[in-house]
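A look at the structure
The chain contents come next:
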Amino acid sequence: MSLVLEPPPVAAPIVPVTPAGPPIVEVTDLAKHYGDLRAVDGITFSVAEGEVFGFLGHNGAGKTTTIRMLTGRAHPTGGSARVAGFDVATQMDRVKPLINLVPEDPNLYERLTGRDNLRFFAELYGVPMSRVDELLETVSLTEAAPRKVKTYSSGMKQRLLVARALINRPRVLFLDEPTRGLDPTSARELRQLVADMARGGTTVFLTTHYMEEADELCDRVAFLSRGRIVALDVPRELKLRYGKRTATVLLDTREEQTIQLDEAADGERLAGWMRDGRVLTVHSNEGTLEDVFIALAGRPL
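An account of the accompanying structure is given in this report. (Residues numbered from 1 in each chain as written. Predicted model: local features only at pLDDT ≥ 70, side-chain atom pairs only at ≥ 80, totals over all residues. Heavy atoms only, no water.)

1. Some words on the packing of helix α3 (residues 114–125) against helix α5 (residues 154–165)
- Packing of α3 against α5 brings their axes to within 10 Å, and their N-to-C directions diverge by 20°. Between α3 and α5, the interaxial angle falls into the category roughly parallel. The crossing of α3 and α5 is right-handed. Within the contact between the two elements, α3 uses Gly114, Asn117, Leu118 and Phe121 and α5 uses Leu160, Ala163 and Arg164.
- Taken together, the residues that form the contact of α3 with α5 break down as four nonpolar, two polar and one charged. (Axes fitted to C-alpha atoms, helices over the stretch in contact; angles between N-to-C directions. Helix = DSSP H or I, 4+ residues; strand = E, 2+ residues; numbered from the N terminus. Parallel < 35°, antiparallel > 145°, perpendicular 65-115°, else oblique. Left-handed = near helix turned anticlockwise from the far one by under 90°. Contact = heavy atoms within 4.5 Å. Nonpolar A, V, L, I, M, F, W, Y, C, P; charged D, E, K, R; others polar.)

2. Observations concerning the sheet that holds strand β13 (residues 279–285)
- Spatially, the three strands line up as an open sheet ordered β12-β11-β13, and their pairing is antiparallel. Looking at strand neighbours, the two that pair on one side only are β12 (256–260) and β13, the edges of this open sheet. Direction aside, neighbouring strands of the sheet carry axes that sit 25° apart on average.
- Pairing analysis gives six bridges linking strand β11 (residues 246–251) to β13, with the strands arranged antiparallel. Residue pairing across strands places leucine 250 opposite threonine 281, the latter belonging to β13.
- Set on the sheet, helix α9 (residues 264–275) makes contact with β11, β12 and β13; between it and β12 the angle comes to about 140°. (Pairing = 2+ DSSP bridges.)

Below is the structure:
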């Protein structure tokens, strides 16, 4: 009989950067109202420099509205926010050179080549043209650079958007649903790119509907529901606090049984099977961020 307490890994995980240093994003009681609609309803949090910070929630929870305020595309109704020490409401001219954004919807110039898309923004930011070739290499688009963007796949367009957002070497990069609609291979490549950027010191503010993605990449995550933050912590602590603690037991009849680790009756069942020598393996099942979200928001994504 073998006793296995943890399930074997399926693939090597991406290891995110450990947060360090002072906050680079500081948000206090931030609010955005549209008439009677409280899109963002007084949220407070901070993001450490070099951190990958996940901002999770349903459509309409307030994620994109928060990004719009932090990047100067919407003015707060109340509260305050600072990026790199500058107020986003009154000092956006100081903030903009330090940040960039990969929006939810692609907005590339599709009749231009990939290289010309980046050249245009290099000129706007006043950076050397050598930066264009450097970024094309970073996102693995060097060979495709002479082609018009309208010939690119969804994954290639998304990588080009990331390259464009890195043109000014931002201290904070905002990613709004960056892997939505991508095939698994393209999504994996983009997640690896995000992890590499964070290792290089870029702070990443990420919104996503994919809980596995957030778990893989983020140092901390905040759950947003109806414009308010309902939980904020490192993923493992949230899963331990709110996730379902279960185990899968394989018996000598090759029958699998799922037991609740917090239920005394299930503990007695397992002890009985162990006494009778019926247990072949036991695999613990860690809770997921999806479990956490359902526990906090009352419904799945």
